[in-house]
Amino acid sequence: MTAQVELDPQTLVPRVIGRYTPVFADHAQGIRVWDRDGVEYLDFTSGIAVVNAGHCHPAVVAAIQEQAAKIIHAQQNILLHEPMMRAAVELTATLPSRLNQVFWANSGAEAIEGAIKLAKIATRRPAVIAFRGAFHGRTHGAMSVTSSRAKVRGHYEPLLASIFYAPYPYYFRAPVPGGESVADDFYLAELRGLFDTLVMPDDVAAILVETVAGEGGYLVPSNRWLQALRAICDEHGILLIMDEIQTGVGRTGKMWGFEHFDVVPDIITVAKGIASGLPVSAVVSDKAIMDKWAPGAHGGTYGGNAVGTAAAAATLRVMREEKLPENAAAMGQRLVSGLRKLQSEHPVIGEVRGLGLMVGVEFVTESGDPNPAAVTSVIKRCFEEQVLLISCGTYDQAIRVIPPLVVNEAEIDHFLAVFGRAVSSL
Ligand SMILES: Cc1ncc(COP(=O)(O)O)c(C=O)c1O
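Predicted model only: the values in this text are computed from it and were never measured. (Residues numbered from 1 in each chain as written. Predicted model: local features only at pLDDT ≥ 70, side-chain atom pairs only at ≥ 80, totals over all residues. Heavy atoms only, no water.)

Here we come to the overall build of the chain. Broken down by element type, the chain carries 15 helices and 15 strands. In terms of C-alpha radius of gyration, the chain reaches 21 Å, essentially the compact-globule figure of 22 Å for 426 residues. Viewed in the frame of its principal axes, the chain has a C-alpha envelope of about 60 × 55 × 45 Å. Here the chain holds 426 residues, and the buried ones make up 54% of them. Contacts in the chain between residues far apart in sequence, at least 24 positions, make up 72% of those at least 6 positions apart. A total accessible area of about 18500 Å² is found for the chain, and carbon and sulfur atoms account for 55% of it. A distance of 2 Å separates the average location of the 36 positive side-chain charges in the chain from that of its 45 negative side-chain charges. (Helix = DSSP H or I, 4+ residues; strand = E, 2+ residues; numbered from the N terminus. Rg over C-alpha atoms; globule rule 2.2 N^0.38 Å. Buried < 20%, exposed > 50% of the residue type's maximum accessible area, 1.4 Å probe, protein only. Contact = heavy atoms within 4.5 Å. Areas by Shrake-Rupley, 256 points an atom, 1.4 Å probe, with all protein chains shown as cover. Lys, Arg positive; Asp, Glu negative; His and termini not counted. Charge placed at Lys NZ, Arg CZ, Asp CG, Glu CD.)

Any two side chains of opposite charge can pair, on the condition that their charged atoms come close. Taken as a whole and assessed by the stated rule, the structure comprises 22 salt bridges. Ionic pairing is found between E40 and R32, a salt bridge with its closest N-O pair at 2.8 Å. The class of R32 is partly exposed, set by a relative accessible area of 24%. Linking R320 and E90 is a salt bridge whose minimum nitrogen-to-oxygen distance equals 2.7 Å. With a gap of 230 residues between them, R320 in helix α12 (residues 306–321) and E90 in helix α5 (residues 82–93) connect regions that are remote in the sequence. Counted as one network, the salt bridges with shared partners bring together R98, R230, D234 and D266. (Salt bridge = Lys/Arg side-chain N within 4 Å of Asp/Glu carboxyl O.)

Turning our eyes to something else, we now look at the packing of aromatic side chains. Within the structure shown, the criterion is met by ten aromatic pairs. Seen in terms of ring centroids, Y171 and Y187 are 6.2 Å apart; in terms of plane orientation they differ by 70°. Their pairing is edge-to-face. With a gap of 16 residues between them, Y171 in the loop between β6 (163–167) and α9 (180–197) and Y187 in helix α9 connect regions that are remote in the sequence. Among the aromatic residues, ring-to-ring pairing joins F44, F363, F415 and F419 into one connected group. Stacked on the ring of F24, the Lys or Arg R36 has its end atom at 3.5 Å from the ring centre. (Phe/Tyr/Trp six-rings, centres within 6.5 Å; stacked < 30°, edge-to-face > 60°. Lys NZ or Arg CZ within 6 Å of the ring centre and 35° of its normal.)

Our focus in this paragraph is the sheet that holds strand β9 (residues 267–270). On the basis of which strands lie adjacent, the open sheet formed by seven strands has the order β4-β10-β9-β8-β7-β5-β6 and mixed pairing. The sheet terminates laterally at β4 (101–105) and β6, the two strands that pair on one side only. Between one strand axis and the next, the sheet turns through 25° on average, direction left out of account. Pairing analysis gives four bridges linking β9 to strand β10 (residues 281–285), with the strands arranged antiparallel. (Pairing = 2+ DSSP bridges. Axes fitted to C-alpha atoms, helices over the stretch in contact; angles between N-to-C directions.)

The mixed open sheet is built from four strands, whose spatial order is β1-β2-β3-β13. Edge positions in the open sheet fall to β1 (25–29) and β13 (387–388), since each of these has one partner strand only. In this sheet, β13 lies alongside strand β3 (residues 40–43) in parallel orientation, the contact comprising two bridges. The partner of L42 across the bridge, within β13, is V387.

What follows concerns the state of the cysteines. Within the structure shown, the criterion is met by zero disulfides. Here C382 is not cross-linked by a disulfide; its sulfur's nearest cysteine counterpart is in C392, at 15 Å. (Disulfide = S-S within 2.5 Å.)

Inspection of every chain in the model, using the stated rule, returns one cavity of 30 Å³ or more. There is about 40 Å³ of room inside the largest cavity. (1 Å grid on protein atoms, 1.4 Å probe; cavity = no way out; pocket = protein on both sides within 12 Å on 5 of 7 lines; lining within 4 Å. Points joined across faces, edges and corners; volume = space filled by probe spheres on them.)

A word on the layout of surface pockets. Approximately 1700 Å³ is the volume found for the largest pocket. What lines the largest pocket is a set of 45 residues, and nearest its centre among them are G18, Y20, I48, R138 and I390. Secondary structure elements with two or more residues in the lining of the largest pocket: α3 (46–49), α6 (108–123), α8 (150–153) and β14 (390–392). The biggest single contributor to the lining of the largest pocket is β14, with three residues. Space inside the second largest pocket adds up to approximately 600 Å³. Along its surface, the second largest pocket is lined by 19 residues, and Q76, Q101, V102, F103 and W293 are the ones closest to its centre. At the level of elements, α5 and β4 are the ones that each hand at least two residues to the lining of the second largest pocket. With four residues, β4 is the single largest residue contributor to the lining of the second largest pocket.

Here α6 is 16 residues long and its end C-alpha atoms lie 23 Å apart, about the 22 Å a rise of 1.5 Å per residue gives. Listed as buried for α6 are G108, A109, A111, I112, G114, A115, I116, L118, A119, A122 and T123. Phi for R124, located one or two positions after α6, is positive at around 55°. (Expected span 1.5 Å × (residues − 1).)

With that settled, consider a nonpolar patch on the surface. Together, L7, L12, V13, V16, I17 and F24 make up a nonpolar patch on the protein surface, roughly 550 Å² of accessible area in all. Take L7: it is sitting in the loop between α1 (3–6) and α2 (9–12). Classification of L7 by relative accessible area gives partly exposed; the value is 40%. (Patch = residues over 30% accessible without salt bridge, like charges linked within 9 Å, V, L, I, M, F, W, Y side chains within 5 Å.)

A few words now on the side chain of T211. Relative to the assigned elements, T211 resides in the loop between β7 (204–210) and α10 (223–236). Not counting chain neighbours up to four residues away, the residues in contact with T211 comprise Y168, P221, L226, M242, D243, E244, T247, G257, F258 and F261.

This part covers the pairing of strand β5 (residues 127–132). Among the six residues in β5, five count as buried, and that is most of the element. Of the strand pairs in this sheet, β5 and β7 are connected by three bridges, and their pairing is parallel. Within β7, the position partnered with A127 by the bridge is V204. Pairing of β5 with β6, which is carried by five bridges, proceeds in the parallel orientation. Paired with V128 across the two strands is I163, which belongs to β6.

So this is what it looks like as structure tokens:
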């Protein structure tokens, strides 16, 4: 039996792992991935917004190697260790002073579970308000607040009770004419309407919101809308949880997405980019809120893993020292202006939107409907030129352009040329 047959993905990989590419990776560096035959790809997916500091950043690799040789599993209920503390110091140093204590976990969904549990216990209230089109993860609690696609939650009912949904701003497809401000009036009226029709505000523990909707289509809300959520929370004693799992760690051109909106949440969830690919996530909040969690009321075997948090501390240092959020802002501008030029030449591009290097390109049919066929075709053509891309949106109507934040001007320009050829070929 040859090695190829032994490692046959058809046999070994469950079909639930829907795959964008057949690439069998061998190694990676920066924005580049090489397959087993030495073919080089430019990774404009960052492994779904994870390797923000670049694949295998030398400082992160060194921190992982050094820590792995010292102690790998220093279980947090049994042992204290330096990486977990250092990572908490590095992380909270990037945040407003009221986000000062970190609960470590392992995945985005697990951070969402933790944040919801924390909000419930801190307020002693049962309900959560989430948004249509949101994606927060695949565990039962996280699924219950997710509605980016029916298939994420379909056939898994019943889910958590007392979850109420309001619409998330999608200005390009606003349900009312008149521009962003009129649309915001509509979205906020729908949200406030929940209190008249479905749930008493003093039963609501938290409003849970993605700072920029990720899987739902890379939708950027207005300052006014996010600030109104903050005001509604303050009015009713509700905690504002901002899911920074995809927007965080420099991706949007600032360290955290919420910094763009002049809003400070009560709780944030962090994962993906925090540890350059090791499975690390976190719930961050005020110590006064965290103190409501009695010892043992929440936990986990692997949270605060020594190697994972060493990678997190190193990643956060790299972000700061190499000014990667600033590079994301500059490269994002170059990317968006190139994409908008393409848009002006190709009506199949309906909108280019995003912050920093969290950029979505929505494709439309001649009648303005979502155009997933164009999305699939452009992703395929880019793949033929060794550029990796993935889609987003309920209808797969958008392509997300999310390279590692170490990307440079020449690489952005190369991407724009490849993407332009792919769009022209439609
Ligand atoms: C905004 C957001 N929240 C939560 C999650 C879930 O993270 P994980 O896949 O690590 O569980 C994701 C994953 O894509 C996400 O984008």
